[in-house]
Amino acid sequence: MAEVLLKTEELTKSFGGLVAIQELSMEVEAGEIHAVIGPNGAGKTTLIAQLSGSLKPDSGRILFENRDITHVPEYRRSALGLARSFQITSVLKNFSALDNVALAVQAHAGHSFRFWSKARKAQELREPALEILEKIGLTDRMDMPASSLSHGEQRQLELAMALATRPKLLLLDEPMAGMGVEESQKMVELLQDLKGTHTLVLIEHDMDAVFALADRITVLVYGESIACDTPENIRSNPEVRKAYLGDGEAITEIEEV
Amino acid sequence: MGLLLIEQAFNGLQFGVMLFLIAAGLTLVFGIMDLVNLSHGSLVMVGAYLATTLIEWTGSFILGILLALPSTFLVGVVVEIVVLRTLYERDHLDQVLATFGLILFFNELIRIVWGPASLYSGLPESISGHVEILPGVPYPAFRLLIILVGLLVALLIYFIVARTKLGMLIRAGASNREMAGALGVNIRMLFTLVFGLGASFAGLAGMMLGPLTSVEPGMGEPLLILAFVVIIIGGIGSIRGAFIAAVIVGLVDTLGRVFLPMLLRSLVAESTADTVGPALASMLIYILMAGILVFRPRGLFPARTG
Amino acid sequence: MILLALIPILIQFLEMPVFYTEMFCRIMILALAAMSLDLILGFGGMVSFGHAVYLGIGAYTVGIFSYYGIDNGFIQFPVTLLVCAAFALVIGMMSLRTSGVYFIMITLAFAQMVYFLGISLEEFGGDDGMPAYRSTFGGLIDLYDPLSFYYFVFAMLLAVLYLCHRIIHSRFGMVLQGCKSNEARMQALGFPTYRYKLAAFIISGMICGIAGALFANWNEFVSPAAMHWTRSGDLLIMVILGGMGTLFGPVLGTVLFLLLEEYLPEWMDALLFPGAGEHWMGVLGPLLILLVLFARGGVHSLLGRLSLRHG
Amino acid sequence: MKKIIAPILALTMLASPLYAEKVKVGFMTTLSGPAGIIGKQMKDAFQLGLDHIGNAFGGMESSVIYGDDQRKPDVAKQLADKMVKKHQVHFVTGIIWSNLLVAVHGPVTRSNTFLISSNAGPSTVAGRRCSNNFFSVSWQNDQTPEAMGKYLQDNGIKNVYLMAPNYQAGKDMLAGVERYYQGSVSGKVFTKLGQKDFQAEISTLRASNPGAVFVFQPGGMGINFVKQYKQAGLMGSVPLYTAFTVDAVSLPALKDSAVGVLGTQTWSPDLDNPVNKRFVRDFRKKYGYIPSFYAAQSYDLVRFIDHSIRVAGGISDRDALRDAMRLGGYPSTRGNLKFNNNHFPIQNFYLREAVKDSDGSYTTKIIDTVFTDYGDNYAKDCGMKW
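As the structure is a computational prediction, the values presented were derived from the model and not from experiment.

When helices and strands are counted, chain A shows nine helices and ten strands. For a compact globule of 257 residues, the expected C-alpha radius of gyration is about 18 Å, and chain A comes in at 18 Å, within 12% of that figure. Dimensions of chain A along its principal axes, counting C-alpha atoms only, are 55 × 40 × 40 Å. Sequence-distant contacts, at least 24 apart, represent 66% of the contacts inside chain A between residues at least 6 apart. Accessible area for chain A stands at about 11300 Å²; split by element, carbon and sulfur atoms hold 50% of it.

Attention now moves to the interface of chain B and chain D. Accessible area lost when the parts come together is the quantity often used to give the size of an interface. At the interface, 36 residues of chain B touch 33 residues of chain D. With both sides pooled, the region where chain B packs onto chain D buries about 2900 Å², and carbon together with sulfur makes up 48% of that total. Summed over the shared surface of chain B and chain D, the number is four salt bridges. Between Glu216(B) and Lys196(D) there is a salt bridge; the shortest N-O distance is 3.3 Å.

In this section: the environment of Ile202(C). All names here are of chain C. Position of Ile202 among the secondary structure elements: in helix H9 (residues 193-219). Distance from Ile202 to Val47, taken between C-alpha atoms, is 14 Å for residues 155 residues apart in sequence. Apart from residues no more than four positions distant in its own chain, Ile202 is found in contact with Ala85, Ala88 and Leu89.

Below, the discussion takes up the domain arrangement of chain D. Residue and element names in this part refer to chain D. For chain D, the domain assignment lists domain 1 (2-139 + 272-339) and domain 2 (143-265 + 350-374). Here the C-alpha centre of domain 2 lies 30 Å away from the C-alpha centre of domain 1. In this complex, domain 1 contributes ten residues to the contact, which on the side of domain 2 involves eleven residues. Here domain 1 and domain 2 share an interface that buries about 910 Å² over both sides, 65% of which is from carbon and sulfur atoms. Inspection of the domain 1/domain 2 interface yields one salt bridge.

All names here are of chain D. The backbone of Asn55 sits at a positive phi, close to 55°, despite the residue not being glycine. Relative to the helices and strands, Asn55 resides in the loop between helix H2 (36-52) and strand S2 (62-68). The partly exposed category is assigned to Asn55, whose relative accessible area is 48%. If you check the backbone angles, Gln88 has positive phi at about 50° while not being a glycine. The residue Gln88 is located in the loop between helix H3 (73-86) and strand S3 (91-93) in this model. Overall, the relative accessible area of 53% leaves Gln88 in the exposed class.

A few words on the domain arrangement of chain A. Residues and elements named next belong to chain A. For chain A, the domain assignment lists domain 1 (1-81 + 168-257) and domain 2 (92-166). For domain 1 versus domain 2, the distance between C-alpha centres works out to 26 Å. Residue-level contacts link 18 residues of domain 1 with 13 residues of domain 2. In total, about 1100 Å² of surface goes out of reach between domain 1 and domain 2, with carbon and sulfur atoms giving 63% of it. At the boundary of domain 1 and domain 2, one finds zero salt bridges. Summed over the shared surface of domain 1 and domain 2, the result is six residue pairs in polar contact (both at pLDDT 80 or more). Breaking the side of domain 1 that touches domain 2 down by element, the ones donating at least two residues are helix H2 (74-80), strand S7 (169-173) and helix H6 (181-194). The element that contributes the greatest number of residues to the side of domain 1 that touches domain 2 is H6, accounting for six residues.

This part covers the sheet that holds strand S1 (residues 23-29) of chain D. All names here are of chain D. On the basis of which strands lie adjacent, the open sheet formed by five strands has the order S2-S1-S3-S4-S5 and parallel pairing. Since the sheet does not close on itself, it has two edges, and those belong to S2 and strand S5 (134-136), each with one partner. Going from strand to strand, the sheet's axes swing by 20° on average, the running direction of each strand aside. Relative to S3, S1 runs parallel, the two sharing three bridges. In the sheet register, Val25 faces S3, and the bridge partner there is Phe91. Packed on one face of the sheet, helix H11 (residues 293-312) meets S1, S3, strand S4 (114-117) and S5 and runs near 160° to S1.

Here we take up the pattern of salt bridges. Inspection of every chain in the model, using the stated rule, returns 49 salt bridges over all chains. In this structure, the salt-bridge partner of Lys13(A) is Asp58(A), at a minimum N-O distance of 3.5 Å. With Lys13(A) in strand S1 (residues 4-15) and Asp58(A) in the loop between helix H1 (44-52) and strand S4 (59-64), this residue pair connects regions lying 45 residues apart in the sequence. You can call Lys13(A) buried: its relative accessible area is 11%. A relative accessible area of 43% places Asp58(A) in the partly exposed class. Linking Lys168(A) and Glu65(A) is a salt bridge whose minimum nitrogen-to-oxygen distance equals 3.3 Å. Of this pair, Lys168(A) sits in the loop between helix H5 (151-164) and S7 while Glu65(A) sits in the loop between S4 and strand S5 (67-68), and the two are 103 residues apart along the sequence. Given the relative accessible area of 38%, Glu65(A) is considered partly exposed. When salt bridges with common partners are traced through the structure, they connect Arg26(C), Arg231(C), Asp234(C), Glu261(C), Lys72(D) and Asp74(D) into a single cluster.

Here the focus is the interface of chain A and chain C. Taken together, the contact between chain A and chain C spans 35 residues of the former and 28 residues of the latter. Summed over both partners, the interface of chain A with chain C buries about 2900 Å², with 62% contributed by carbon and sulfur atoms. In terms of surface lost to chain C, no three residues of chain A exceed Tyr75(A), Phe115(A) and Trp116(A), which account for 23% of the buried area on that side. On the surface where chain A and chain C come into contact, there are two salt bridges. When the shortest N-O distance is used, the salt bridge between Glu124(A) and Arg171(C) registers 2.6 Å. Residue assignment for the side of chain A that touches chain C shows that the elements contributing at least two residues are H2, helix H3 (97-106), helix H4 (123-136) and H5 of chain A. Ranked by residue count, the leading element in the side of chain A that touches chain C is H3(A), at four residues.

In this structure the tally under the stated criterion is 61 aromatic pairs over all chains. With a centroid separation of 6.3 Å and 85° between ring planes, the pair formed by Phe49(C) and Trp229(C) is classed as edge-to-face. Here the residue Phe49(C) occupies a position in the loop between helix H2 (18-41) and helix H3 (52-67), and Trp229(C) occupies one in helix H10 (residues 229-242), the gap between them amounting to 180 residues. On the numbers, 5.8 Å between centres and 50° between planes, the contact of Phe134(D) with Phe344(D) is tilted. On the criterion of sequence distance, the pair formed by Phe134(D) in strand S5 and Phe344(D) in the loop between strand S11 (338-339) and strand S12 (345-356) is long-range, its members being 210 residues apart. Taken together, the ring pairs connect Phe91(D), Phe114(D), Phe135(D), Phe304(D), Tyr330(D) and Phe339(D) into an aromatic cluster. Arg235(A) extends its terminal NZ or CZ atom over the ring of Phe211(A), reaching a point 4.3 Å from the ring centre. The side chain of Arg134(C) reaches across the aromatic face of Phe149(C), ending 4.3 Å from its centre.

To continue, consider empty space enclosed by the protein. Under the defined criterion, the tally for this structure stands at 16 cavities of 30 Å³ or more. Considered as a void within the structure, the second largest cavity measures approximately 80 Å³ in volume. Surrounding the second largest cavity, Val36(B), Leu38(B), Val96(B), Leu224(B), Ile225(B), Phe228(B), Phe49(C), Val101(C), Ile104(C), Met105(C) and Leu108(C) form its lining. Where the lining of the second largest cavity is concerned, the elements lending two or more residues are helix H9 (220-234) of chain B together with helix H5 (100-119) of chain C. With four residues, the top contributor of residues to the lining of the second largest cavity is H5(C). Its residues assigned to classes, the lining of the second largest cavity comprises eleven nonpolar, no polar and no charged.

What counts, and where the lines are drawn
Residues numbered from 1 in each chain as written. Chains lettered and ligands numbered in written order. Predicted model: local features only at pLDDT ≥ 70, side-chain atom pairs only at ≥ 80, totals over all residues. Heavy atoms only, no water. Helix = DSSP H or I, 4+ residues; strand = E, 2+ residues; numbered from the N terminus. Rg over C-alpha atoms; globule rule 2.2 N^0.38 Å. Contact = heavy atoms within 4.5 Å. Areas by Shrake-Rupley, 256 points an atom, 1.4 Å probe, with all protein chains shown as cover. Buried area = accessible area lost by both parts, 1.4 Å probe. Salt bridge = Lys/Arg side-chain N within 4 Å of Asp/Glu carboxyl O. Domains from an automatic or database assignment. Buried < 20%, exposed > 50% of the residue type's maximum accessible area, 1.4 Å probe, protein only. Polar contact = N/O pair within 3.5 Å; in protein donor to acceptor, adjacent residues only side chain to side chain. Pairing = 2+ DSSP bridges. Axes fitted to C-alpha atoms, helices over the stretch in contact; angles between N-to-C directions. Phe/Tyr/Trp six-rings, centres within 6.5 Å; stacked < 30°, edge-to-face > 60°. Lys NZ or Arg CZ within 6 Å of the ring centre and 35° of its normal. 1 Å grid on protein atoms, 1.4 Å probe; cavity = no way out; pocket = protein on both sides within 12 Å on 5 of 7 lines; lining within 4 Å. Points joined across faces, edges and corners; volume = space filled by probe spheres on them. Nonpolar A, V, L, I, M, F, W, Y, C, P; charged D, E, K, R; others polar.

In structure tokens, the structure reads:
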């Protein structure tokens, strides 16, 4: 068994009366693609938010490389090697694609309390950023403002930014959301390329993509993990089928926070 | 001292419900439409002027107020349709600038129509007397009436928000704007209606303020700042928060003004107390607000969850 | 481009009364304050509704030195920077815990506190304010000479413009603009955004403090009126009017706003009827509304669009 | 022929210095905003004064430049600059507020232009920093409350409760009262500047059971205070003494509420002298309302400038003009006034009562003279000798 990179212990988070995550314990192994699936409102985004540090859990612990990071602020987790992409496209819209990635590189190139020299002339920021854009396939769009990129390109850019922070673990919140078939296919290929070099936690509704990519799948329902297994075993798990085909859709109205 | 404390508590309460009337509309408009409306104070002024004029015309206090209320509602609706509608989609800064422009416009309009001098609106004999709230403590009847009306309006708003369909929509809108749209509500109508209601409440505050203080151009601005303080402390969009915050602000301001200098005088030299006391009292509610925001960055009762 | 435009105007001054020099001094000083606000507002997304407080603090620093007979600018200006930095540090530390409208209001609250403090400063004239004397610089510059004063302010404006230009394009500036665009993303990328915003808040306060020190020099007078909340509102209007998030926008906005304030009454008197000028605010108000409704991005972008159409 | 030409020549020669230069007066006051009402009264009276002198200061061609200071010190300073440097006026005047006067005092007086206060009289410009280019046709801030204090002291009034807004003038006012009033003070309260509702203060006031109350609440604050004082049922049971609180600006709003309130002032509409009678009569005829002391001072200003230019025989010689101004003796609504060495007038202070006139309008009547030919306390600090 490979070494465990990220681990949660009885993680719990509730909003008012609504329990979003309930005593969730899961392990992510180094090098794997670990998908988290579940109906709407199952607490997937809440989980990502807690792993990345933008939400504090009510109780429980989060361990990264065997270190308790439950109370480590978000920006420091990023320095430790956790990177996150957002469910809703979250690039810096009035920055060019290249600037977006360069800024991500800058985040880990020492502190940014440099007030004088021009950031856009700093080769140590530009070069790695260009490299990543090349890898993602956005080189020809690098000078376009992010807001004028297509939706799929923005999602790619989002991934590029996450990669630019040189993460050990990538937390991807619905990277294929709102994409067409072709764009999704491209994204799947991109993620496939990352396999082996990066560990990925992936939330996705596109089941084809999930089953094509994932090494293991955790199924969340009402904030609880009802199964964690290989794609084949999940497919045949009766409880999972029930959650998805039964009353799962009834709770889609609950707003995720 | 005990009697004085009780009397001052009444004063604070009266100030508080007055602030609530102004803040109620502001917080609804803010909560539902996400609109920073600096010109809300102008509606207080418009209400006060309309009431003063209508009372004089009709010769009846009650009739004047009854006519002024729908008139203020109308002014609110017109302002909403002509100017504010286009501002909902804009960011807060555009709203601040445009509604600041509205303030200037309203102040000058009032100065042109009614002249620059302060107006005075009297009280009918029946409510200009005193009521003994406690043995030996006479209290102006009109101020008691204000407290009563304020509490009644608070109850009314509570009823509307908690019990009616309109209230349900308001709550839905305050916690999630898209959701109200998803429910198939005519959002535009709802906004206009709520704005008009808020305008009437502000106008009502102005009408009740008229007999107490002078009716003059620009009378709404200091009140507006206080109303903002109230809704920020209470949590934007929360009626309950606005009510509690208004009473807190009313009490803190009143009691602070009266007792803080006294307290300081017993602690430090009189001349120092005379300088520091009133200055500190003026700052008190801002200190309160800053303190609350430092510990609860979204106010006491944040309405929106996201 | 605008700076170049300013110099020919100045040459014309040679035939015009000194008054215009003084008037443009005031405009440039307030433009400085507007620029400082734009640094956090236009580039950092922080809507400070109490920015005039630094104008007041800067002015009072010079005023208090002047009161005790210390006119040396080499002492006054550095101390102004320090004092404003200290105030901005405290105000920023608390205010930046909030965001959105809460931030707007808490900055206003702090400004109100300092305003009332100023009113109760009996020793320094309270609400009446107190006279200040122009700073001396060891005989290098005589600020009582209108032209010297003009160029002194002009140089300050240029220096700050250049400083802002460098800051905006530096790594720090990129982070700041990132925070405005999407703060959550910046945190996820690994930026401790609070610190960067606080630093920007302090820099902005210091620049505004310099404007305040110049303001006291120009006015030869210091009073709490400089930090009344309506003054903070004026600064916001100047920035938005000119176009926020641009380097020259605030300067443009200040020039426009103050010229309007100066000449609108006269125009109204001339065009409508004598005495109409008294109601100039009644025209300014709708003008602002129209500007918001139809000229988003302020005059700066309006000019940009026009020049595109013609060029 | 010679007989005809000679007088004409003589006339033109006499007249020529008078017509050689144009008199320019800069009149800046608060016209916009909530305080615009006071500025309006000042401007109205100023224009009435111009009517009375045939729009010609000292019989010379004249022009007036008006300006709105918006009650902001920096706007006032800019306006003053404009008047002095652009229009090159001989006189800057019209300012209402102390803080604005302090703001323009240095720049204007240093430019060798005459600054004439038509209302504000802060101590800063009356004492050490007095200037030979500054004159006041109003009063020094401390004097009016001093008169009140003297009255309270002389009439054996005990246990006075003092109240004023928490700003410089407010503190000066209470200090002024206490300079002459030596009796016991049953309470002293500083309210917030711009406060509208005084119910809390009035509750406290009543609880302390004072023998009399002195308040200084200028402008809108005064209207509110007096109204609420009456609403609280204190009017009539606890005598109310005021300074700058009940006047012709606030009386139309206060009406019956203020009847019986006592205050000190240098002027009242019923002051018995020909200049004042004409002023009040013509003012009411032209504008339809009763003038306030602001208006009277603004009118005096016109007569002062007019008279001084006549005496000096022109405006080209500033020193001669200053000497003429120092002589005083101009036709004032307050009789024949002389100046102190600090250029503030030496004058009477009266106790006035707010009354309802026979024609139903509200005004003030003089009921006592507190000080006769009274100079201010800061004149001794002023180094000017003449």
